[in-house]
Amino acid sequence: MSEKSIVDRIISDAEQEARAIIEDAEKKAAVTVREATLRAERNKIGTQAEIDARVKGIFDGQAASARLDGSKIALGERRAVIDEIYARALDNLVSLDKSTALYLAEKLLNSYADNGDDINFAENYRYAQEVMKLPVVKEKNLKQSAKPAKIDGGFTLCGKNSDKNLSYGSLLAADREEHQAEIALLIFN
């Protein structure tokens, strides 16, 4: 073989080897690009899932906060309605007619007054004189206090052992404590 054919053969082998190296490199590059694309897609999907979870958490938190705020407002309005009911009840008690007021006073005195108690009427109590003429007052030796009480209607009893607040405000407060849930169910259901 001639020199030229050896050189051509070497060049041909080198070109063939270079093509093989380039093909192999292109295959490896294609595999690397596919793997990188796949990793990038997985990262994108993972990041999107994380974003979706955070967005859902924010929306859920805001929705819960909105529900809580709505419940607070509704509760406040319900309390305002019940407050108004008891305010009207107090107004009605303060403005009771004579016979009803005396009946209520007699029931309260029979139930709560002890022998020798002082009756301290509210400043706005209109039937103090009539109450003092009730039979229970004589039976239990009750006396009227000289100074009127600053209470929401009704009266208080001052005794040797204890004082009892029988004002209309305190009677309604006790009633509210006991029956508020029932009243709310009746009104708001």
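Preceding block: the structure.
In every chain, residue numbers begin from 1 and rise along the written sequence. Restriction of local features to residues with pLDDT of at least 70 applies here, the model being predicted, together with a cutoff of 80 or more for giving and counting side-chain atom pairs; totals for whole chains, interfaces and linings are based on all residues. Only heavy atoms go into the side-chain values, all of them from the structure, while hydrogens and water stay out.

### A closer look at the side chain of Lys140
Counting from the N terminus, the helices are the DSSP runs of H or I reaching at least four residues and the strands are the DSSP runs of E reaching at least two. The topology assignment puts Lys140 in the loop between helix H4 (135–139) and strand S2 (143–144). Each residue gets one of three labels from its accessible area relative to the maximum for its type: buried under 20%, exposed over 50%, partly exposed in between, using a 1.4 Å probe on protein chains only. All tallies of charge rest on Lys and Arg as positive and Asp and Glu as negative; His and the ends of each chain are not included. When a carboxyl oxygen of Asp or Glu is within 4 Å of a side-chain nitrogen of Lys or Arg, the pair counts as a salt bridge. Buried within the structure, Lys140 lacks any salt-bridge partner; its nearest side chain of opposite charge belongs to Asp114, at an N-O separation of 6.0 Å. Here Leu109 takes part through its backbone oxygen, which lies 3.3 Å from a polar atom of the side chain of Lys140. Side-chain polar atoms of Lys140 contact the backbone oxygen of Ala113, separated by 2.9 Å. Beyond its immediate sequence surroundings of up to four residues, Lys140 is in contact with Leu109, Asn110, Ala113, Asp114, Asn115 and Gly116. Whenever two N or O atoms come within 3.5 Å, that pair is a polar contact, provided that in protein one can donate a hydrogen and the other can accept it, and provided that, for residues adjacent in sequence, both atoms are side-chain atoms. The criterion used for residue contact is that any of the two residues' heavy atoms lie within 4.5 Å.

### Some remarks on the pattern of salt bridges
Considering all chains together, one arrives at 10 salt bridges under this definition. In this structure, the salt-bridge partner of Asp8 is Lys4, at a minimum N-O distance of 3.8 Å. Of the two residues, Asp8 and Lys4 are both situated in helix H1 (residues 3–94); the distance of 4 residues between them amounts to about one turn of the helix. Look at Asp8 and you get partly exposed, because its relative accessible area is 39%. The salt bridge partner of Glu130 is Lys98, with a shortest N-O separation of 3.8 Å. With a gap of 32 residues between them, Glu130 in helix H3 (residues 128–131) and Lys98 in helix H2 (residues 98–112) connect regions that are remote in the sequence. Looking at Glu130, the relative accessible area reads 25%, which means it is partly exposed.

### What to know about H2
In this model H2 runs 21 Å from its N-terminal to its C-terminal C-alpha over 15 residues, within 8% of the 21 Å that 1.5 Å per residue would give. Buried residues of H2: Ala101, Leu102, Ala105, Leu108 and Leu109, and no others. Across the axial projection of H2, the buried residues extend over an arc of 130°, all falling on one side. Seen from the open side of H2, the exposed residues pointing more than 90 degrees away from its buried face are Ser99, Tyr103 and Ser111. Residues of H2 that are buried in the fold lie against strand S1 (118–121), H3, H4, strand S3 (154–158), strand S4 (163–167) and helix H5 (168–188). Each helix should span, by expectation, one fewer than its residue count multiplied by 1.5 Å. This arc corresponds to the set of directions leading from the helix axis out to the C-beta atoms.

### Some words on the sheet that holds S4
The strand order across the open sheet built from 4 strands is S2-S1-S3-S4, with neighbouring strands paired in mixed fashion. Each edge of the open sheet carries a strand with a single partner, namely S2 and S4. One bridge is not enough; two strands pair if DSSP finds at least two bridges between them. Across 5 bridges, the pairing between S3 and S4 is antiparallel. Bridge pairing in S4 places Cys158 opposite Asp163. Working convention: axes come from line fits to C-alpha atoms, limited for helices to the stretch in contact. Angles between N-to-C directions cover 0 to 180 degrees. H2 rests against S1, S3 and S4 of the sheet, and its axis sits at about 20° to S3. Contacts from H5 reach S3 and S4, with the element oriented near 85° to S4.

### Quick word on the packing of aromatic side chains
Ring pairs shown here join Phe, Tyr and Trp side chains whose ring centres sit within 6.5 Å, with only the six-membered ring taken for Trp; geometry is labelled stacked below 30 degrees between planes, edge-to-face above 60, and tilted in between. For the structure on display, the rule yields 4 aromatic pairs. Here the aromatic rings of Tyr125 and Phe155 are separated by 6.3 Å at their centres, their planes lie at 90°, and the arrangement is edge-to-face. In this pair, Tyr125 is assigned in the loop between S1 and H3 and Phe155 in strand S3, connecting sequence segments 30 residues apart. Taking relative accessible area as the criterion, Tyr125 reaches 10% and is therefore assigned buried. Take Phe155: its relative accessible area is 2%, and that puts it in the buried class. Connected via pairs of aromatic rings, a cluster forms that spans Phe121, Tyr125, Phe155 and Tyr168. The side chain of Arg78 reaches across the aromatic face of Phe188, ending 5.3 Å from its centre. We call a charge positioned above a ring when the Lys NZ or Arg CZ atom is no farther than 6 Å from the ring centre and deviates by at most 35 degrees from the ring normal.

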